[in-house]
Amino acid sequence: MRKILIQLDTDPQPSVFDRVVAIDSGVDELFSYGGVTPENVVGLIHGAIFTRGVPDLKNTAIFIGGSNVAAGEQLLAKVQKTFFGPMRVSTMMDSNGSNTTAAAAVLACRKHVPLTGASVLILAGTGPVGHRAAQILTAEGAEVRVGSRTRDKAEQTCFAIAKVLCAARVIPVATGTDAELGEACDGVSLIIAAGAAGIELLSAELRASLKSLRVAVDLNAVPPLGIGGIEVMDKAKDRDGQLCYGAIGIGGTKMKIHRAAVARLFESNDQVLDTAAIYAIGQSL
Amino acid sequence: MRKILIQLDTDPQPSVFDRVVAIDSGVDELFSYGGVTPENVVGLIHGAIFTRGVPDLKNTAIFIGGSNVAAGEQLLAKVQKTFFGPMRVSTMMDSNGSNTTAAAAVLACRKHVPLTGASVLILAGTGPVGHRAAQILTAEGAEVRVGSRTRDKAEQTCFAIAKVLCAARVIPVATGTDAELGEACDGVSLIIAAGAAGIELLSAELRASLKSLRVAVDLNAVPPLGIGGIEVMDKAKDRDGQLCYGAIGIGGTKMKIHRAAVARLFESNDQVLDTAAIYAIGQSL
Amino acid sequence: MRKILIQLDTDPQPSVFDRVVAIDSGVDELFSYGGVTPENVVGLIHGAIFTRGVPDLKNTAIFIGGSNVAAGEQLLAKVQKTFFGPMRVSTMMDSNGSNTTAAAAVLACRKHVPLTGASVLILAGTGPVGHRAAQILTAEGAEVRVGSRTRDKAEQTCFAIAKVLCAARVIPVATGTDAELGEACDGVSLIIAAGAAGIELLSAELRASLKSLRVAVDLNAVPPLGIGGIEVMDKAKDRDGQLCYGAIGIGGTKMKIHRAAVARLFESNDQVLDTAAIYAIGQSL
């Protein structure tokens, strides 16, 4: 029985990126849909769950993607609500690469610094990748500061993480002014920058001056990068006594996690591969 | 040479259901199109018939589907009109599963009651599945009553069937009132209910009271079912001395017919698999 | 590693024709997109170039098609502009079959007449196929007359060809009146008609009267053909001492070139298969 992956993309055109990775993950047949919404997805899900017998349903799976992570989350919620009893197929959600990228960034940090008790700053921590990196690190026992221009916005992300992780402590910090940023960086051993393309969030000078900083990860592939002095190909590159990673330095691990997660979908019909599960797959590699 | 199935769906998104079944029927390559209309289909058909030599055209085929059966019929007519001489590929039409479901329902009845001369009532007989079940049974020599709320609507379906089957006799009956329904059921040995989801067409009490009734088939998967007392998993389940079938009890045969019909497409390039041909395939299984 | 072809079609529905040929060319996976424009193509290209390592990028390729050749040319330009450094995949452009058809027409002529120095008339030479046939023949050293109803329109095509071929000489000719057409035909050994369906560009009488004419090719599959007396199946058919080709007579070679060009895409990641390259592939067959 052939392994079918149903790609549900919230963008008008289904992502070529996700299609190539699906093929390279060993999927036999790929059904790709663009413009998928909670409104039009129900018939597609019924087609997935009503066509093969329950023991064979592990050979059908769903991948949710697209550039809009909030839309992907809504779609995932609707998909899970449409399943019932054993009538379900395994589902992975990785809109905009958010889960696989966050997992790869944390795994890079983890190679060099024990995460439990580590003090971490996530710059642009309210975006999809930053949010997920903060969540994974908090679950690992790190003391995470979620940075945003204003403390208010950061607080919302911390509430969301605390809710998922049963009241875990996450610290919202403002990074809008130089003084705020300096304070946010104080004493941290890990920094992950997950901001929009082309905006420097932390200067090379301030970074170099941080005595406690052990690992700095920038997830932006387009110069100028989010953290000054880091280059996109950096992979544990020593800069000023700090181990630096750029987006491409993280990319290899991200791709491995993505492929492994897609392959994992076909082991049973009841998995939901979201942030925690995708990180766990990354750990097992 | 790889077997290519071209799925032409009249809905905006091509059906996942039909795609999974196509793969499980052994199709090598599936080209799926949504939003197909008689207006935009001609170029697609030219692409099907002008790319492989005539002796190889049996390796390309067309499947017409979608939730709107009337739209599927119009598309089938346009597709056949676009073919010319030996420049054609085999085509199957099964919008909303209408042909495969009707065939499976009749085959269930046929296991228990000789169809020639049998008296049959089709409830909601003017819908796509009911219409097709009535047509198949009439062709088999049964005396078929096509039921609808009003006799007028039922008459139209009977005219349509008579036209296809060269003036065969089909009987329109009204089932809108209790008195009409009682009369419609009088003396029948088979009842098939093919109505919309969630509407009971025949109560459990009335059904149980029908002394002549041997087999009752309900094709609705969502409770309340169309025939009272039947359950969706029923498969020749004895209830009050009557053999009962629910939608899932019929579903296994429906899927087998669907898969066999798709596989059959690739045996030659000149087949048109509509109601009668799909029923014949079901008989041969 | 599976060979992936990404079909970018400028029409709303991706061409079935191009899909079947892609499969018959040995492509393993086909990602088909309709409605592709220079505006929405960038993300698709990034997905193509950022998913596999550079040494593996030759296993991914792009095919640009659709009925509008100008739209295809704009898309090709945008695709090439999106590539950078080694981050690129091989790309073929054959909107409306323009390149493969023109190449096949010229190869048919070449079997019977040495192209260098040959005097050629292209009827409807300003359309996509005519333009490309004129360009290939000019590059081969023929003396090409590009015919159009008015000399002005023909001149634009000649300028465009001269620009691509570094100031090569191409001759614009008007063919709007009988006198102009007679003059345009005077002394030519080859005529290719590449006009719209159903318009006769050259009568059977005038053709038969041309003493110098050796080969006449008509690329129109729908009667009346563009050159009187030719039939669509003609393949080097002697008519009035002239070797005649119809659209289907050319079609076999066109298909071989199309398949060979798609297969060639997967030999390296840096090819651009446009007019000259596709003709070269045709020559090598």
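Computed from a predicted structure; not experimentally measured.

Undergrad: So what's going on with the overall build of chain A? Residues and values would help.
TA: Along chain A, the regular secondary structure elements total 10 helices and 12 strands. Against the globule reference of 19 Å for 285 residues, chain A gives a C-alpha radius of gyration of 19 Å, in line with a compact fold. Oriented by its inertia axes, the alpha-carbon framework of chain A measures out at about 60 × 35 × 35 Å. A burial count over chain A gives 56% of its 285 residues as buried. In chain A, 72% of the contacts between residues at least 6 apart in sequence involve partners at least 24 apart. When the accessible surface of chain A is summed, it comes to about 11,100 Å², and 53% of that surface belongs to carbon and sulfur atoms.

Undergrad: Just give me the short version of the relation of the copies chain A and chain B, but keep the residues and values in it.
TA: Overlaying chain A with chain B gives an RMSD of 0.0 Å, the required rotation being 120° about an axis along which the chain moves by 0.0 Å. Considering both components of the superposition, the chain copies are consistent with a three-fold axis. Within chain A, the C-alpha atom positioned nearest to the axis of rotation is that of E29 of chain A, 5.2 Å from it. Little of the interface of chain A is mirrored in chain B, where only 5% of its interface residues again form contacts.

Undergrad: Please give an account of the interface of chain A and chain B that cites residues and values.
TA: Taken together, the 19 residues of chain A in the interface contact 15 residues of chain B. Interface area, chain A with chain B, both sides summed: about 1,300 Å², of which 59% is carbon and sulfur. Along the contact surface separating chain A from chain B lie one salt bridge. With a shortest N-O distance of 2.7 Å, D24 of chain B and R52 of chain A are connected by a salt bridge. Across the chain A-chain B interface, the total number found is six residue pairs in polar contact (both at pLDDT 80 or more). Of the residues forming the side of chain A that touches chain B, the biggest block, five residues, is contributed by strand β2 (residues 29-33) of chain A.

Undergrad: Explain the relation of the copies chain A and chain C to me, using residue names and the numbers behind them.
TA: With an RMSD of 0.0 Å, chain A superimposes on chain C once it is rotated by 120° and translated 0.0 Å along the axis. Looking at chain A, a mere 7% of its interface residues are interface residues in chain C too, so the copies touch through different faces.

Undergrad: So what's going on with empty space enclosed by the protein? Which residues, and what values?
TA: In this approach a probe as big as a water molecule rolls over the atoms, and the regions it shows empty are the leftover space. Residues and elements named next belong to chain C. Counting across every chain of the model gives one cavity of 30 Å³ or more. Estimates place the volume of the largest cavity at around 30 Å³. Here the element with the most residues in the lining of the largest cavity is helix α9 (residues 247-265); it accounts for three residues.

Undergrad: I'd like a description of the packing of aromatic side chains, backed by residues and values.
TA: Residue and element names in this part refer to chain A. Enumeration according to the criterion identifies three aromatic pairs over all chains in this entry. Consider the rings of F50 and F84, whose centres lie 6.2 Å apart with planes at 55°: the pair is tilted. Separated by 34 residues along the polypeptide, F50 in the loop between α2 (42-49) and β3 (60-65) and F84 in the loop between α3 (69-82) and β4 (90-93) bring together distant segments of the chain. Judged by its relative accessible area of 43%, F84 is partly exposed. The ring of F266 carries the charged tip of K3 above its face, separated from the ring centre by 5.9 Å.

Undergrad: A description of the pattern of salt bridges should follow, citing residues and the corresponding values.
TA: Residues and elements named next belong to chain B. With the rule as written, the count across this model stands at 27 salt bridges over all chains. Between R239 and D234 there is a salt bridge, and its shortest N-O distance comes to 2.6 Å. In terms of burial, R239 and D234 fall into one category: buried.

Undergrad: Run through the interface of chain A and chain C, naming residues and quoting values.
TA: The interface of chain A with chain C comprises 15 residues on the first partner and 19 residues on the second. Taken together, both faces of the contact between chain A and chain C bury some 1,300 Å²; the carbon and sulfur share is 59%. At the junction of chain A with chain C, the criterion picks out six residue pairs in polar contact (both at pLDDT 80 or more). Tallying contributions element by element places helix α1 (residues 16-24) of chain A first for the side of chain A that touches chain C, with seven residues. Of the residues that constitute the side of chain A that touches chain C, the class distribution is nine nonpolar, three polar and three charged.

Undergrad: Can you tell me about the pairing of strand β3 (residues 60-65) of chain C, naming the residues and giving the values?
TA: Residues and elements named next belong to chain C. Of all six residues making up β3, six are buried, and the element is well covered by its neighbours. Pairing analysis gives six bridges linking strand β1 (residues 4-9) to β3, with the strands arranged parallel. Looking at the pairing, L5 lines up with A61 of β3. In the sheet, β3 pairs with strand β4 (residues 90-93) via four bridges, with the strands oriented parallel. Considered in β4, the bridge of I64 is made with M93. For the segment spanning β3, helix α3 (residues 69-82) and β4, crossover handedness is right-handed.

Undergrad: Outline the side chain of T275 of chain B, listing residues and values.
TA: With respect to the element layout, T275 of chain B can be found in helix α10 (residues 275-284). Judged by its relative accessible area of 6%, T275 of chain B falls in the buried class.

Undergrad: Give a description of the domain arrangement of chain A that names residues and reports values.
TA: Domain parsing of chain A yields domain 1 (4-93) and domain 2 (100-250). Taking only C-alpha atoms into account, the centre of domain 1 of chain A sits 31 Å from that of domain 2 of chain A.

Undergrad: Quick one: what's the story with the environment of L243 of chain C, residue by residue and with numbers?
TA: Residues and elements named next belong to chain C. Among the secondary structure elements, L243 is positioned in strand β11 (residues 242-245). The partly exposed category is assigned to L243, whose relative accessible area is 22%. In this structure the C-alpha to C-alpha distance between L243 and R214, which are 29 residues apart in sequence, comes to 6.1 Å. Residue contacts for L243: discarding those within four places in its chain leaves H112, R214, V215, A216, A236, K237 and D238.

Undergrad: Quick rundown of the pairing of strand β6 (residues 143-148) of chain B? Include the residues and the values.
TA: All names here are of chain B. Counted residue by residue, β6 has five buried out of six residues, so it is predominantly covered. As judged from the four bridges shared by strand β5 (residues 119-123) and β6, these two strands associate in the parallel manner. The residue of β6 that forms the bridge with V120 is V144. One crossover worth recording links β5 to the parallel β6 by way of helix α5 (residues 128-139), and it is right-handed. Pairing of β6 with strand β7 (residues 171-174), which is carried by four bridges, proceeds in the parallel orientation. Each residue of the ladder has a partner; that of G147, found in β7, is V173.

Undergrad: Could you give an account of helix α3 (residues 69-82) of chain B, naming the residues involved and the relevant values?
TA: Residue and element names in this part refer to chain B. With 14 residues, α3 should reach 20 Å at 1.5 Å per residue; the first-to-last C-alpha distance of 20 Å fits that figure. When we look at burial in α3, the residues that qualify are V69, G72, L75, L76, V79 and T82. The buried residues of α3 occupy an angular sector of 135° when projected down its axis, which confines them to one face. For α3, the capping residue at the N-terminal end is N68, with a side-chain oxygen 3.1 Å from the backbone nitrogen of A70.

Undergrad: Could you give an account of the packing of helix α2 (residues 42-49) of chain B against helix α1 (residues 16-24) of chain C, naming the residues involved and the relevant values?
TA: Across the interface, α2 of chain B lies against α1 of chain C with an axial gap of 7 Å and an inter-helix angle of 25°. Looking at the two axes, α2 of chain B sits roughly parallel to α1 of chain C. Touching L44, G47 and A48 of chain B of α2 of chain B are V16, F17 and V20 of chain C, all from α1 of chain C. Of the residues that constitute the contact of α2 of chain B with α1 of chain C, the class distribution is five nonpolar, one polar and no charged.

Undergrad: Kindly report on the side chain of S98 of chain C, identifying the contributing residues and their values.
TA: With respect to the helices and strands, the residue S98 of chain C is situated in helix α4 (residues 98-110). Among residues more than four places away in sequence, those in contact with S98 of chain C are V69, P128, V129 and R132 of chain C.

Undergrad: An account of the sheet that holds β3 of chain A is needed here, citing residue identities and associated values.
TA: Residue and element names in this part refer to chain A. Read from one edge of the open sheet, five strands run β2-β1-β3-β4-β12, paired in parallel fashion. Looking along the sheet, the strands with just one partner apiece sit at the ends: β2 and β12 (272-273). Set on the sheet, α3 makes contact with β1 (4-9), β3, β4 and β12; between it and β4 the angle comes to about 170°. Relative to β4, helix α9 (residues 247-265) is tilted by about 160°, and along the sheet it contacts β1, β3, β4 and β12.

What counts and how
- Throughout, a residue's number is its position along its own chain's written sequence, starting from 1.
- Chains carry letters and ligands carry numbers; both start at the beginning, A for chains and 1 for ligands, and go up in the order they are written.
- The predicted nature of this model means local features are confined to residues of pLDDT at least 70 and side-chain atom pairs, given and counted, to a pLDDT of 80 or more, with totals for whole chains, interfaces and linings taken over all residues.
- Each side-chain value is worked out from all heavy atoms of the structure, with water and hydrogens disregarded.
- Per the convention used, a helix needs a DSSP run of H or I reaching at least four residues, while a strand needs a run of E reaching at least two, with both numbered from the N terminus.
- A radius of gyration in this sense is built from C-alpha atoms; the matching globule rule multiplies 2.2 Å by the number of residues raised to 0.38.
- Burial classes: relative accessible area under 20% of the type maximum marks a residue as buried, over 50% as exposed, and values in between as partly exposed (1.4 Å probe, protein chains only).
- When checking whether two residues touch, look at their non-hydrogen atoms; a contact exists if any pair is within 4.5 Å.
- The Shrake-Rupley method, run with a 1.4 Å probe sphere, supplies the accessible areas, and residue values consider only the shown protein chains as cover.
- The atoms used to superpose the copies are C-alpha atoms, taken from residues with pLDDT of at least 70 in both, and the fit is least squares.
- The term buried area refers to how much accessible surface (probe radius 1.4 Å) is lost by two components on association, counted for both of them together.
- The working definition used for a salt bridge is a side-chain nitrogen of Lys or Arg within 4 Å of a carboxyl oxygen of Asp or Glu.
- Throughout this description, a polar contact denotes any pair of N or O atoms lying within 3.5 Å of each other; where both atoms belong to protein, one of them has to be capable of donating a hydrogen while the other can accept it, and for residues adjacent in sequence the pair is counted only when both atoms sit in side chains.
- Lining residues are those with an atom within 4 Å of a point, where the points come from a 1 Å grid over the protein atoms alone and group into cavities, where a 1.4 Å probe fits but cannot get out, or pockets, open sets with protein on both sides within 12 Å along at least five of seven lines.
- Grid points are joined across faces, edges and corners, and a volume is the space filled by probe spheres set on the points.
- Aromatic rings from Phe, Tyr and Trp, taking only the six-membered ring of Trp, are treated as a pair when their centres fall within 6.5 Å; an angle between ring planes under 30 degrees marks them as stacked, one over 60 as edge-to-face, and anything in between as tilted.
- To sit over a ring, a charge needs its Lys NZ or Arg CZ within 6 Å of the ring centre and within 35 degrees of the ring normal.
- Put simply, Ala, Val, Leu, Ile, Met, Phe, Trp, Tyr, Cys and Pro go in the nonpolar bin, Asp, Glu, Lys and Arg in the charged bin, and everything else, Gly too, in the polar bin.
- In this scheme, strands are said to pair when DSSP sees at least two bridges between them.
- A clockwise path from the first strand over the helix to the second, with the strands pointing away from the viewer, defines a right-handed crossover.
- Where a domain begins and ends is set by an automatic assignment or by a domain database.
- The span expected for a helix works out to 1.5 Å for each residue beyond the first.
- Of all possible arcs, the one meant is that of the directions from the helix axis to the C-beta atoms.
- To obtain an axis, a line is fitted to C-alpha atoms, over the contacting stretch when the element is a helix, and the angle between two such axes runs from 0 to 180 degrees between their N-to-C directions.
- These descriptions rest on fixed angle ranges, namely under 35 degrees for roughly parallel, over 145 for roughly antiparallel, 65 to 115 for roughly perpendicular, and the rest for oblique.

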